[in-house]
Amino acid sequence: MTLTEKPTRQLRRALARQSPSVLTQRLTEEITAKGTARAAAATAAAAVTRGQLTDAELQAWRTDFEARLQTIQQHPEQNLGHIEEAVAAVAKEPLRLLTQRAAQAKANATPCQCLKCQHPLSDQKYLARALDSRFGRLAIWRRYGWCPQCETWQFPADYALGLARNAPASPYVQEISGLLVTKMPPEQAVAVAQRLGLDLSRCRLDREAHRQGLKAQARRAESLAQLDTWEGLQKLARDTEGPPSQPFTLVIEIDAWNIRERDAWGQTQALRQQGEKVERWHWVYMATVFRLDHRGQTAGQRAVITQRGYVATRLGLEALLPQLYREALQRGLGQAQQVLVIADGAVWIWKLVQDRFPQARQQLDLWHAEEHLWAVAHDLYGRGTPEACAWVKPLLQQVRNDQTSALIADLTQLKPRLLEAQQKKLQTQIEYFQHNAHRMKYKEILAAREAVQAGTATTEQTKRANQPLGSGAIESTCRQYQCRFKRTGQFWTTAGDEALLCLETFWRNGRWHELYPHVKANVALN
């Protein structure tokens, strides 16, 4: 009976009737066999010097490959898709062997010395490590030892192979697990992973994606630490300066959206009975940063930004502030001729801007300003009525003509004629416009756009026409993030959503290669 066979009921009874000495002998033989097999595997692994297949393995692969293709050729209903599937299936085992042997050769060639002090490790041993890879399960033997000076056990080969401590998967599988789960729930990612040739369970994908999110957070913390020293700031400035360019405006847009977390798990009813309010929704703060000259239009007149940076965090404004500042530096804050901040009028946004970007020009999103006027019109005359449209039309024109003072005066004159409840609502809107009056400058931009359409625009008007009137870039970005984090029935934890937010932001910023060096730098997504 082999170790993998399941004993029958009769066999188990027979084994139970055996004497203790017989059972001990059988157990000893099994342990000895395992030890012998392990020693043989270690010896074979130690002899590997390069990744290659033997002539017999190559011939077996070629025979299998030709047989599969011949079957497809003779089948009238099988197409190129079937050929691709067959090639991928027959190549997987040879590629797994090649990967394992190449990794083993690199592990064998790695000196068994301390990574920090470079001293040879003492009490060296040989230990196998199993992990999932792009082509299947790998078993890699590595030498390890004790560094008396650092007082740690170390596996130098693991570092050479890019394997984190206790990581159950190769760097490629780690990357794909994180990428899949940032785009879809693990339950759906399982099927997609299978189509990519990866046999991963839901739990494995979930755990590995969270592990990668924590890795991303650690990398983010390292980058933010540059802001704490003058040397770090200087290095960041040197890395982002690049060749001289024409004067440009740096645009920053800021917003927030709610994510649902299951707080006080299992304690909701008790807390409510005690009169405590149980929160379910929490703010995710976001920002996007781009140069104005990187904004343009497609052939279909749709606005597009060719390069921009993203910031997203669930950890509060204190966490958003340094992340946004660093992203702005990396996108050219130090070289910008002007900084323009566009937002929806939330007080916390303007306080944040005053803290880190005090010289920036502030602009209220035009569509939010008009939305506030429509709210008054609907309250006075009803939603969608001709009277509401007629009343609000001249006020909207005042906004677009930069006549904010006249707008506030008209709203103030209207107030005495309203009921008390309506007066309170109107006063809220009046205060909104009073607070944002200096941020409501749209006339020149609108005039420049009209001149461009008429073909009479000057060079300065052409540049001005490209300036955004609203914060559509951050609005769409928030919606894109929400498509993953606000699906029906989803609840998060702060640890879980922050890790995944951080991972997704690395992907969008085109810095995926900072987490996975085997990946080439990719263009940021818009």
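What counts and what doesn't
- Residues numbered from 1 in each chain as written.
- Predicted model: local features only at pLDDT ≥ 70, side-chain atom pairs only at ≥ 80, totals over all residues.
- Heavy atoms only, no water.
- Helix = DSSP H or I, 4+ residues; strand = E, 2+ residues; numbered from the N terminus.
- Rg over C-alpha atoms; globule rule 2.2 N^0.38 Å.
- Buried < 20%, exposed > 50% of the residue type's maximum accessible area, 1.4 Å probe, protein only.
- Contact = heavy atoms within 4.5 Å.
- Pairing = 2+ DSSP bridges.
- Disulfide = S-S within 2.5 Å.
- Arc of directions from axis to C-beta.
- Phe/Tyr/Trp six-rings, centres within 6.5 Å; stacked < 30°, edge-to-face > 60°.
- Lys NZ or Arg CZ within 6 Å of the ring centre and 35° of its normal.
- Axes fitted to C-alpha atoms, helices over the stretch in contact; angles between N-to-C directions.
- Core = buried A, V, L, I, M, F, W, Y, C linked by side-chain atoms within 4.5 Å.

Participant: What exactly am I supposed to notice about the overall build of the chain here?
Facilitator: Across its full length, the chain carries 21 helices and 10 strands. Against the globule reference of 24 Å for 526 residues, the chain gives a C-alpha radius of gyration of 32 Å, more extended than a compact globule. When burial is assessed residue by residue, the chain has 41% of its 526 residues classed as buried. Long-range contacts, defined as pairs at least 24 residues apart, comprise 65% of the intrachain contacts of the chain with a sequence gap of at least 6.

Participant: Can you help me understand the pairing of strand β4 (residues 249-260) in this one?
Facilitator: Consecutive side chains along a regular strand alternate between the two faces of the sheet. Among the 12 residues that make up β4, 10 are buried, leaving the element largely enclosed by the rest of the structure. Sheet topology note: the β4/strand β9 (residues 338-343) ladder contains 5 bridges and is parallel. Among the inter-strand pairings, Ile 252 is bridged to a residue of β9, identified as Val 341. Relative to strand β5 (residues 281-291), β4 is paired through 11 bridges, and the arrangement is antiparallel. Each residue of the ladder has a partner; that of Ile 252, found in β5, is Val 289.

Participant: Even after reading the chapter, I still don't get the pairing of β5, so can you show me in this structure?
Facilitator: Buried residues dominate β5, accounting for 9 of its 11 residues. In this sheet, strand β8 (residues 309-313) lies alongside β5 in antiparallel orientation, the contact comprising 5 bridges. Each bridged residue has a counterpart across the sheet, and for Ala 287 the counterpart in β8 is Val 311.

Participant: Before we go on, may I ask you to explain the environment of Arg 68 in this structure?
Facilitator: Residue position: Arg 68 is located in helix α3 (residues 55-74). In the structure, Arg 68 is positioned 157 residues away from Ala 225 in sequence and 56 Å away in space, judged by C-alpha atoms.

Participant: Can you walk me through the side chain of Glu 370 in this structure?
Facilitator: Looking at where Glu 370 falls in the secondary structure, it is placed in helix α13 (residues 366-381). Judged by its relative accessible area of 10%, Glu 370 falls in the buried class.

Participant: I would appreciate a short explanation of unusual backbone geometry in the present structure.
Facilitator: With the exception of glycine, the majority of residues adopt a negative phi angle, and the majority of peptide bonds are in the trans configuration. Its identity is not glycine, yet Glu 151 carries a phi of approximately 55°, on the positive side. Under the relative-accessibility criterion, Glu 151 is labelled exposed at 58%. The phi torsion at Asp 402 lies on the positive side, around 65°, for a residue other than glycine. Within the secondary structure, Asp 402 sits in the loop between α14 (386-400) and α15 (404-414). Residue Asp 402 is classed as partly exposed on the basis of its relative accessible area, which comes to 24%.

Participant: Help me understand the state of the cysteines, please; the structure alone is not making it clear to me.
Facilitator: Put plainly, two cysteines are in a disulfide when a covalent bond ties their sulfur atoms together. Here the structure, examined in full by the defined rule, presents 0 disulfides. The closest cysteine sulfur to the non-disulfide-bonded Cys 112 is located on Cys 114, 10 Å from its own sulfur. Accessibility expressed as a relative area gives 14% for Cys 112, which makes it buried. The thiol of Cys 478 is unpaired, and the distance to the nearest cysteine sulfur, on Cys 483, comes to 11 Å.

Participant: Help me out: how do you make sense of α15 in this one?
Facilitator: Residues lying three or four places apart along an α-helix face the same way, a consequence of the helix completing one turn every 3.6 residues. All of the buried residues in α15 are Thr 404, Leu 407, Ile 408, Leu 411 and Leu 414. Down the axis, α15 shows its buried residues gathered within 125° of arc, on one side only. Facing away from the buried side of α15, by more than 90 degrees, are the exposed residues Ser 405 and Gln 413. Where the residues of α15 are buried, they touch α13, α14 and α16 (420-436).

Participant: Explain the packing of aromatic side chains to me, please; I cannot follow it from the model alone.
Facilitator: The description of an aromatic ring pair uses the distance of the two centres, along with the angle that the planes make with each other. One pass over the full model with this rule turns up 13 aromatic pairs. Residues Trp 61 and Phe 65 carry aromatic rings whose centres are separated by 5.5 Å and whose planes lie at 15° to one another, so their mutual orientation is stacked. Taken as a pair, Trp 61 and Phe 65 lie in helix α3 at a separation of 4 residues, close to a single helical turn. Grouped by ring-pair contacts, the aromatic residues Tyr 144, Trp 146, Trp 153 and Phe 155 constitute a single cluster. Across from the ring centre of Phe 491, 4.0 Å away, lies the NZ or CZ of Arg 260, which sits over that ring.

Participant: Looking at this structure, how should I read the sheet that holds β9?
Facilitator: Sheets are built from strands paired through backbone hydrogen bonds, the pairs being either parallel or antiparallel. Reading across the sheet, the 5 strands line up as β8-β5-β4-β9-β10 and stay open at both edges, with mixed pairing between neighbours. Each having just a single partner strand, β8 and β10 (361-364) make up the two edges of the open sheet. Across this sheet, the average inter-strand angle for adjacent strands is 20°, counted without regard to direction. Against the sheet, helix α12 (residues 347-356) makes contact with β4, β5, β9 and β10, and its axis sits at roughly 135° relative to β4, the strand it touches most.

Participant: Teacher, can you tell me more about the nonpolar core here?
Facilitator: When a protein is soluble and globular, its nonpolar side chains tend to lie buried together. Membership of the largest hydrophobic core comes to 28 residues, with the highest contact counts inside it found for Ile 252, Ile 254, Leu 324, Val 341, Val 353 and Phe 357. Elements that contribute at least two residues to this core include exactly β4, β5, α11 (317-330), β9 and α12. If one sorts the elements of this core by residue count, α11 sits on top with 5 residues. Residues contacting Ile 252, with those up to four places away along its chain left out, are Thr 288, Val 289, Leu 324, Ala 328, Val 339, Leu 340, Val 341, Ile 342 and Phe 357. By size, the runner-up hydrophobic cluster in this structure holds 27 residues, among which are Trp 257, Ala 312, Tyr 481 and Leu 500.

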